[in-house]
Amino acid sequence: MSDQIKYVLDEENIPKSWYNLNADFPTPVPAVLHPGTHQPVGPSDLEPLFPMELILQEVATDRYIDIPAPVRDIFRMWRPSPLVRARRLEQALGTPAKIYYKYEGVSPAGSHKPNTAVPQAWYNKQAGIKKLSTETGAGQWGSSLAFAGSLFDLDVLVFQVRVSFDQKPYRRALMETYGARCIASPSTETDSGRAILAQNPDSPGSLGIAISEAVEVAAKNPDIKYALGSVLNHVMLHQTIIGQEAIAQCEMAGDDPDVIIGCAGGGSNFAGLAFPFLGLQLRGGRSRRIIAVEPAACPTLTRGTYAYDFGDTAHLTPLVKMHTLGSTFIPPGFHAGGLRYHGMSGMVSHAYELGLIEARAYKQVGCFEAGVQFARTEGIVPAPESTHAVRCAIDEALRCKAEGKAETILFNLSGHGHFDMQAYINYFEGKLVDQDYDEADLETALAALPAVAA
Ligand SMILES: *Cc1c(COP(=O)(O)O)cnc(C)c1O
């Protein structure tokens, strides 16, 4: 038997619809509120930012929503993504557990993010939009939207968080190769950016600030719309293609996962893998342990408050009820840039409140250690974000070993780390340290949560 077993579906098996967990939640996700009136937002409130099809998906309760045929055609470029049995990792750990990973690094941009970038760009194109604005932290989302924009001839404007703009020139080059324009955030191009620079000309920026800039540009220009790479319901919806494929591939493998794991920044790759399995459970199927893994330096689910909060620093976005560290919280500069967001998807937060999922926070050094072990056994260098899921999968496999249990573990390998080798260099040089967030900063940010009547 070969060491690695790959379960590959053919293109006909790309799902024809997205799965919407909002059809199966026992209680509905709390409504998104208007930042001024604190009343539930209506479609017209969101129209300056998003095309109507995406707004309707944001509030949809249908269980299945058709994937447009042109979007499915583009998915054929890299989907279905492989499900792989990590036999060499299992052997190295000496565990009786079976470990499977769903590999999303096969997409053109190297992560799961094109799964939503492509449909978002397509719906905007259909609505006659010519230009999209967005933000990017680590550069993964910016490059995914830049790729999607290139497919549909849309201009893409990316506000890239200043530290990452300076530290990750290759991600910026990738965005520019796809034809996008990158601006370091905070910038002088928006009121939000200028206000931050007036206070602190050397601001390293944050995802919350970059979102404010991108939203402001869309709100002020009728021909520009905004696109977000995580957190929102329609993003969770688009990512469910991952879990639907995984269900079919687990059937091919003749296995059924007992434990499902994903790293969680805004929650989209985690939700993408987990929600279709959770749907089976809520419709009467077996229950599984489902674990969201976050960085200890930005512990939204495990340390944040479940409350209404803004998605950005300048408070231009609607209020979402979510686990949050406060919209003014700026986490320390650890390497998994895609996990440095103060909030969490409302749907993932709701699932956590209902006790349907578990959450765990890991420090970065142990995650990189797991990432290196994975590279040396399975051959793929994980993105720093994805190493959190790898760490958890290894810990669960070691637990199975200690308990003598032959459980089946499935995790999402959300992306490869080819653009993040500086982080690995730092790790090998012993320069990568575990960073703690400032407890006083967190208290301040949480104290500033908006007051919303229950
Ligand atoms: C952006 C990103 C994440 C975090 O975002 P989620 O919405 O939580 O999935 C995780 N892994 C990779 C590779 C990413 O690019």
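Residues numbered from 1 in each chain as written. Predicted model: local features only at pLDDT ≥ 70, side-chain atom pairs only at ≥ 80, totals over all residues. Heavy atoms only, no water.

Asks: Can you help me understand the site of the ligand in this one?
Replies: Inspection of the region around the ligand gives 19 residues, with K113, S230, G265, S268 and S414 positioned closest. The contact in question runs from an oxygen atom of the ligand to an N or O atom on the backbone of G265, over 2.6 Å. Side-chain polar atom of S268 to an oxygen atom of the ligand: 2.7 Å apart, as the coordinates give it. Considered class by class, the residues forming the shell around the ligand number four nonpolar, 13 polar and two charged. (Near = heavy atom within 4 Å. Polar contact = N/O pair within 3.5 Å; in protein donor to acceptor, adjacent residues only side chain to side chain. Nonpolar A, V, L, I, M, F, W, Y, C, P; charged D, E, K, R; others polar.)

Asks: Would you take a moment to explain the side chain of T116 for this structure?
Replies: In this fold, T116 is placed in helix α5 (residues 114–126). Since its relative accessible area comes to 0%, T116 is described here as buried. Side chain to side chain, T116 and Q120 meet in a polar contact 2.9 Å long. Look past the residues within four positions of T116 in its chain and what remains in contact with it is W141, G229, V235, H238 and Q239. (Helix = DSSP H or I, 4+ residues; strand = E, 2+ residues; numbered from the N terminus. Buried < 20%, exposed > 50% of the residue type's maximum accessible area, 1.4 Å probe, protein only. Contact = heavy atoms within 4.5 Å.)

Asks: Explain helix α18 (residues 439–447) to me, please; I cannot follow it from the model alone.
Replies: Owing to its 3.6 residues per turn, the α-helix aligns residues three or four sequence positions apart on the same side. Every buried residue belonging to α18 is among L442, A445 and L446, and all of these are buried. Projected down its long axis, α18 shows its buried positions confined to an angular sector of 95 degrees, all on one face. Seen from the open side of α18, the exposed residues pointing more than 90 degrees away from its buried face are T444 and A447. Buried residues along α18 sit against α13 (300–303), β12 (305–310) and β13 (319–324). The backbone nitrogen of A440 lies 2.9 Å from a side-chain oxygen of the residue at the head of α18, namely D438. (Arc of directions from axis to C-beta.)

Asks: Whenever I open this one, the packing of α5 against helix α6 (residues 140–152) confuses me. Can you help?
Replies: Angle between the axes and distance between the axes: these two values describe a pair of packed helices. One can describe the packing of α5 onto α6 by two numbers: an axis separation of 8 Å at closest approach and a directional angle of 40 degrees. The orientation of α5 with respect to α6, classified from their angle, is oblique. Remark: the crossing between α5 and α6 carries right-handed chirality. Across from P114, T116, A117, V118, Q120, A121, W122 and K125 in α5, the residues of α6 making contact are W141, S144, L145, F147, A148, L151 and F152. Here the residues of the contact of α5 with α6 sort into eleven nonpolar, three polar and one charged. (Axes fitted to C-alpha atoms, helices over the stretch in contact; angles between N-to-C directions. Parallel < 35°, antiparallel > 145°, perpendicular 65-115°, else oblique. Left-handed = near helix turned anticlockwise from the far one by under 90°.)

Asks: I tried to follow the pattern of salt bridges on my own but got confused; where do I start?
Replies: A side chain of one charge can pair with a side chain of the opposite charge when the charged atoms of the two come close. Applying the stated criterion across every chain, the model contains 30 salt bridges. A salt bridge links E396 to R399, with the nearest nitrogen and oxygen atoms 2.8 Å apart. Residue E396 and its partner R399 are located together in helix α16 (residues 386–403), separated by three residues, close to a single helical turn. We note that E396, like R399, is buried. (Salt bridge = Lys/Arg side-chain N within 4 Å of Asp/Glu carboxyl O.)

Asks: Sorry if this is basic, but what is going on with the sheet that holds strand β8 (residues 181–185) here?
Replies: Where strands meet in a sheet, backbone hydrogen bonds hold them as pairs that are either parallel or antiparallel. With parallel pairing, four strands are arranged side by side in an open sheet as β8-β7-β6-β9. In this open sheet, the two edge strands, each paired with only one partner strand, are β8 and β9 (224–226). The average undirected angle you get between the axes of adjacent strands in this sheet is 25 degrees. Bridge analysis of strand β6 (residues 131–136) against β9 gives three bridges, and the strand direction is parallel. (Pairing = 2+ DSSP bridges.)

Asks: Even after reading the chapter, I still don't get the pairing of β8, so can you show me in this structure?
Replies: Successive residues of a regular strand alternate their side chains across the two faces of the sheet. Taken across its five residues, β8 has four buried, putting it largely inside the fold. Note that strand β7 (residues 155–161) and β8 share five bridges and pair parallel. Across the sheet, Q160 pairs through a bridge with A184, a residue of β8.

Asks: Please clarify how the side chain of H112 should be interpreted in this entry.
Replies: Within the element layout of this structure, H112 appears in the loop between β5 (98–103) and α5. Residue class for H112 comes out buried when judged on its relative accessible area of 5%. Looking at H112, its side chain comes within polar contact range of the side chain of S268, at 3.3 Å. Discounting chain neighbours no more than four positions away, the residues touching H112 are E104, Q239, I242, S268, N269 and S414.

Asks: Just to check I follow, could you spell out the pairing of strand β11 (residues 289–295) for this structure?
Replies: For β11, the buried fraction is high: six of the seven residues fall into the buried class. Sheet topology places strand β10 (residues 259–263) next to β11; five bridges connect them, and they run parallel. Bridge pairing in β11 links G262 to A292. In the classification by handedness, the crossover that spans β10, the intervening helix α12 (residues 268–282) and the parallel β11 is right-handed. Of the strand pairs in this sheet, β11 and strand β14 (residues 358–362) are connected by five bridges, and their pairing is parallel. (Right-handed = clockwise from strand over helix to strand, strands pointing away.)

Asks: Just checking my understanding: could you explain a nonpolar patch on the surface for this structure?
Replies: A contiguous nonpolar surface patch, about 250 Å² in accessible area, is contributed by M52, L56 and V59. Inspection of the secondary structure assignment puts M52 in helix α2 (residues 52–59). Accessibility expressed as a relative area gives 32% for M52, which makes it partly exposed. (Patch = residues over 30% accessible without salt bridge, like charges linked within 9 Å, V, L, I, M, F, W, Y side chains within 5 Å. Areas by Shrake-Rupley, 256 points an atom, 1.4 Å probe, with all protein chains shown as cover.)

Asks: Before we go on, may I ask you to explain the nonpolar core in this structure?
Replies: V118, F275, V348 and L410 are the most contacted members of the largest nonpolar core, which totals 65 residues. Considering every element that reaches this core, the biggest residue donor is helix α11 (residues 233–253), with eight residues. The contact partners of V348, leaving out residues within four places of it in the chain, are M236, G267, F270, A271, F275, L301 and I357. Of all hydrophobic cores here, the second largest spans 41 residues; its members include A97, I99, A336 and L339. (Core = buried A, V, L, I, M, F, W, Y, C linked by side-chain atoms within 4.5 Å.)

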